[in-house]
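# Analysis of the macromolecular model
Letter by letter, the chains look like this.
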Amino acid sequence: MAWITHKFGGSSLADADCIAHVARLLLDRGDEQQAVVVSAMAGVTNELLALASLAAANEGDWSGRLERLLGRHVDTADALVESQAARASLHAELRRRFGNLRQLLDSLALMGTAPAEVVELISGLGELYSATLLSAHLQSLGEEAVFVDARDILRVRHTALMVAVDWPASQERLDAFRQANPARRYVITGFICRTRDGRISTLGRNGSDYSGSIFGRLFGADEIHIWTNVDGLLSADPGAVPQAVLLDHLSYREAFELAYFGARVIHPQALSPAQEAAIPVFIRNTFNPACPGTRIDSQGHPEPPVKGLSGMANMALITIEGAGMIGVPGTAERVFSALHRADISVAMISQSSSEHSICLVVPANDCANAGQVLEDAFEREIRHGQIQRIFSVPDIRVLAIVGEGMTGTPGVAARLFTALGRAGINVRAIAQGASERNISVAVDEADAERALKAIHAVFYLSEQTLSVGLIGPGQVGRALIEQLDSTRERLLRDASLDLRLRGIASSGRMRLDDRGLRNLDPNAALGDQPETLDLKRFVDFIDDDHLPHAVLIDCTASADIARHYRDWLARGIHVITPNKHAGSGDMDNYRALRRLLESHSARWRYEATVGAGLPVIQTLRDLIDTGDRVHRIDGIFSGTLAYLFNRYSAGMSFAALVAEARSAGYTEPDPRDDLSGMDVARKLVILAREMGMDIGLDDIEVESLCPPGLDDCDIDSFLSGLAKHDDSMAQRLAQADADDKVLRYVASLDDKGQARVALEALPGDHPFAHLALTDNVVAFKTDRYCDNPLIVQGPGAGPAVTAAGVFADLLRVASHLGARL
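Residues numbered from 1 in each chain as written. Predicted model: local features only at pLDDT ≥ 70, side-chain atom pairs only at ≥ 80, totals over all residues. Heavy atoms only, no water.

## Considerations on the nonpolar core
Within the largest apolar cluster, 76 residues are counted, with the highest numbers of intra-cluster contacts made by F538, Y565, W568, W604, L644, F645 and L675. Per-element tally for this core: the top contributor is helix α26 (residues 678-690), with seven residues. Those residues in contact with Y565 that lie beyond four places of it in its chain are D554, V575, T577, N579, A582, L593 and W604. (Core = buried A, V, L, I, M, F, W, Y, C linked by side-chain atoms within 4.5 Å. Buried < 20%, exposed > 50% of the residue type's maximum accessible area, 1.4 Å probe, protein only. Helix = DSSP H or I, 4+ residues; strand = E, 2+ residues; numbered from the N terminus. Contact = heavy atoms within 4.5 Å.)

## A word on the environment of G709
By secondary structure assignment, the location of G709 is in the loop between β27 (701-702) and α27 (715-723). Between the alpha carbons of G709 and G721 there is a distance of 9.0 Å; along the sequence they are 12 residues apart.

## Some words on the pairing of strand β15 (residues 357-363)
Counted residue by residue, β15 has six buried out of seven residues, so it is predominantly covered. Alignment of strand β13 (residues 308-321) against β15, held across seven bridges, turns out to be antiparallel. Its bridge partner lying in β15, I320 is registered against I358. Bridge count between strand β14 (residues 348-351) and β15: four bridges; the pairing is antiparallel. Across the sheet, Q351 pairs through a bridge with I358, a residue of β15. (Pairing = 2+ DSSP bridges.)

## Some points on the environment of R732
Considering the arrangement of structural elements, one finds R732 in helix α28 (residues 726-738). Accessibility expressed as a relative area gives 34% for R732, which makes it partly exposed. Counting along the chain gives 82 residues from R732 to A650, while the straight-line C-alpha distance between them is 10 Å. Residues within four places of R732 in sequence aside, it is in contact with E703, L743 and L759. Polar contacts involving the side chain of R732 include one to the side chain of E703, which spans 2.5 Å. A distance of 3.1 Å separates the side chain of R732 from the backbone oxygen of L759, its partner in a polar contact. (Polar contact = N/O pair within 3.5 Å; in protein donor to acceptor, adjacent residues only side chain to side chain.)

## Let's talk about the environment of F256
Secondary-structure assignment places F256 in helix α9 (residues 252-260). Linking F256 and L26, residues 230 residues apart in sequence, is a C-alpha distance of 28 Å. Apart from residues lying up to four places away in sequence, F256 is in contact with P268, L271, S272 and Q275.

## Topic: the sheet that holds strand β29 (residues 755-763)
Judged by pairing direction, the sheet is mixed, and its six strands sit side by side in the order β27-β29-β28-β26-β30-β31 without closing on themselves. Bordering the open sheet on either side are β27 and β31 (790-795), each of which pairs with just one other strand. Relative to β29, β27 runs parallel, the two sharing two bridges. What sits directly across from E701, in β29, is R756. With respect to the sheet, helix α22 (residues 616-625) is in contact with β26 (630-636), β30 (775-782) and β31, its orientation differing from that of β30 by roughly 10 degrees. (Axes fitted to C-alpha atoms, helices over the stretch in contact; angles between N-to-C directions.)

## Regarding the sheet that holds β13
Pairing in this open sheet of six strands is antiparallel, and the strands run β14-β15-β13-β16-β18-β17 from one edge to the other. Each edge of the open sheet is held by one strand with a lone partner, namely β14 and β17 (427-432). Taken pair by pair, the neighbouring strands of this sheet meet at an average axis angle of 30 degrees, ignoring direction. Here helix α14 (residues 412-422) sits on the sheet in contact with β16 (389-402), β17 and β18 (438-444), set at roughly 15 degrees to β18. Across the sheet, helix α15 (residues 445-458) touches β13, β16 and β18, and the angle it forms with β16 is around 25 degrees.

## Looking at the side chain of T556
As for its position among the elements, T556 is in the loop between β23 (549-554) and α18 (559-562). For T556, the side chain forms a polar contact with the main-chain nitrogen of S558, separated by 3.1 Å. Contacts of T556, omitting those with residues within four sequence positions, involve I471, G472, I561 and N579.

Following this line, the structure appears as structure tokens:
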């Protein structure tokens with residue numbers, strides 16, 4: 001026998017369509033025997049309770065609302081039953097039941113109050129109506145369907161914790177009913193029951209699921225299917241974590257834990273009867289029957305070790321601190337006894353091993369009362385200083401990771417707290433049972449959504465997702481877009497890493513897409529209808545709590561954009577850039593950025609500011625971090641100037657060579673940006689600051705190759721004016737040739753802070769003398785590399801290699817956040 005529970009709420013279908021759909025689903029299953037428990041139609045229980053309240057207060061048009069509710073059920077009956085005779089019989093039954101309800105409501109209006117027992121009776125009538133309609137519809141299709149009023153079968157007793165079933169009495173009544181009414185299919189009302197002494201009662205909210213599990217055990221069902229409006233239990237609340245995934249197999253214990261901590265699909269007590277009888281439970285979607293849903297049974301499945309995340313909101317943390325508790329037996333017992341007497345539920349407990357403090361998480365509504373109860377209970381100890389203080393922290397959410405596979409699996413807690421730390425989440429309290437099935441943490445409500453997303457991502461319940469925004473879709477930006485597109489599927493497949501490019505911004509336009517921008521034409525990355533740039537809105541969109549981590553990539557050369565880095569890092573956004581302004585600009589701003597990196601979780605990565613894709617900064621950091629002492633750095637940091645002086649030879653016009661390089665795209669649009677030497681000076685400042693030096697651009701001795709008087713003219717005038725200085729450059733070249741040397745534009749820095757950028761004549765056997773056309777090269781002279789400097793050399797200019805350096809930084813940030821690369 002299959003046992004099936006159907007909820008009629010939560011669907012966009014009309015009432016009759018919903019019931020007809022359920023009937024088709026039942027008939028398509030082909031079970032030899034079926035028993036189906038049904039809930040009330042959507043919103044009916046709430047309407048019944050509202051009618052009771054209005055009638056008791058003699059307020060509002062409760063009579064008119066009652067007629068409309070009857071009309072809703074009659075209209076549904078008309079749509080479900082075609083036979084005039086059957087329809088008339090069904091109308092009569094519905095009107096009889098609603099007539100009884102009107103008498104009850106009239107009584108409440110006369111009394112001016114609503115006794116609890118009457119309210120319980122009224123609240124359960126919706127299930128009677130829906131079960132009547134479903135059984136009538138099945139009968140109209142020529143199918144056997146026996147209506148069962150659960151109040152005739154189910155006997156319960158109310159305890160402090162739950163509604164407990166009187167199994168012997170209920171079983172006896174069901175056996176007698178089945179003997180008198182043998183059938184292939186039974187349609188049973190959910191939610192309602194009677195107490196042992198015959199008084200009408202209910203099983204509480206979500207009682208239809210509990211009814212289904214109870215009757216599944218009473219019938220000795222092979223399986224229990226709970227049909228609802230979602231595909232099953234998910235790894236997290238999809239409203240908070242859109243990447244939540246369907247959990248296909250859980251143990252009863254895992255499902256209990258998830259349900260206790262707020263998984264709304266099923267109530268914890270609904271599983272108890274099934275567990276006691278070892279009946280598998282399936283959570284299915286009525287409107288997606290092809291989905292297998294979630295299976296819950298005794299065994300579960302060991303993988304993945306963490307099945308899901310759940311949480312409880314609207315909580316408060318109470319802490320009791322005092323040296324007088326250390327080594328004193330019975331302190332915890334006094335705490336919990338006092339709260340028990342005050343009928344205050346404790347959701348989580350955490351105690352330090354020193355016994356100096358005890359933390360409790362209680363419902364926020366009970367916080368003030370709990371604090372007062374504990375102060376009264378420990379009044380003597382507080383007066384004598386044995387307990388220093390009892391204080392509370394409001395706005396707390398408890399988050400829990402759940403999974404049988406955590407038992408004996410090393411590193412689960414480490415990954416949890418690493419994820420929280422990387423997301424900048426402060427953990428207020430921690431609790432873990434000896435079973436290792438659950439680890440709970442208390443965090444501030446303001447951090448809860450981000451914490452959920454970060455934890456969910458680190459356990460691979462969803463892809464490790466980074467919300468990426470690109471500012472500056474120029475040459476480097478376009479190359480980066482191409483590289484992201486070409487590697488996206490591989491990273492997603494091999495590393496579960498989703499680099500989701502959700503926004504692109506230029507100096508005046510922007511394009512946003514919540515799902516991610518894919519398969520872009522790099523030359524038209526902003527699309528056909530870009531929006532006017534609103535930088536604040538752009539940043540807010542990228543930093544949406546929808547995703548756990550946000551990254552802004554600045555591929556501009558704008559000092560204005562660089563000035564925003566401090567704000568972005570302070571709000572937890574990672575910043576990646578080849579823009580040199582922040583790293584070489586105002587010293588106070590640079591120090592503030594460094595302080596932010598020390599106190600916040602966000603990363604600022606700028607490898608591509610020096611040497612494009614070459615690992616110059618990373619090599620320097622590795623030398624320093626491993627204890628080496630750097631004595632001197634020399635380098636050629638301009639691909640443009642490397643190209644010029646690799647090509648420049650006797651008989652050539654230097655000005656003509658500059659014009660040729662500009663036409664070939666080897667220089668900036670304005671060659672003075674390269675020839676001034678300031679770009680190289682900025683790179684040297686960045687390296688000096690990486691070594692811990694307080695150096696700015698004013699501290700660099702810079703030789704500009706732009707002749708005086710040509711600073712403010714247009715480009716054509718500059719190039720023609722530059723030709724007038726060909727002779728002086730030719731003389732320097734001739735002198736170098738005579739000395740068997742070559743001209744190279746070199747940046748130099750020593751450990752005393754002496755920094756210089758200039759055109760130098762180097763010996764022919766110097767490492768810098770024989771470079772490919774646009775190569776950058778840097779030589780590190782250190783304690784370890786004293787006789788033979790450490791050389792890093794390769795292409796140091798061009799969109800593709802610069803974009804590759806930016807991309808490498810992006811992957812380093814992703815790895816820091818937990819991606820397995």
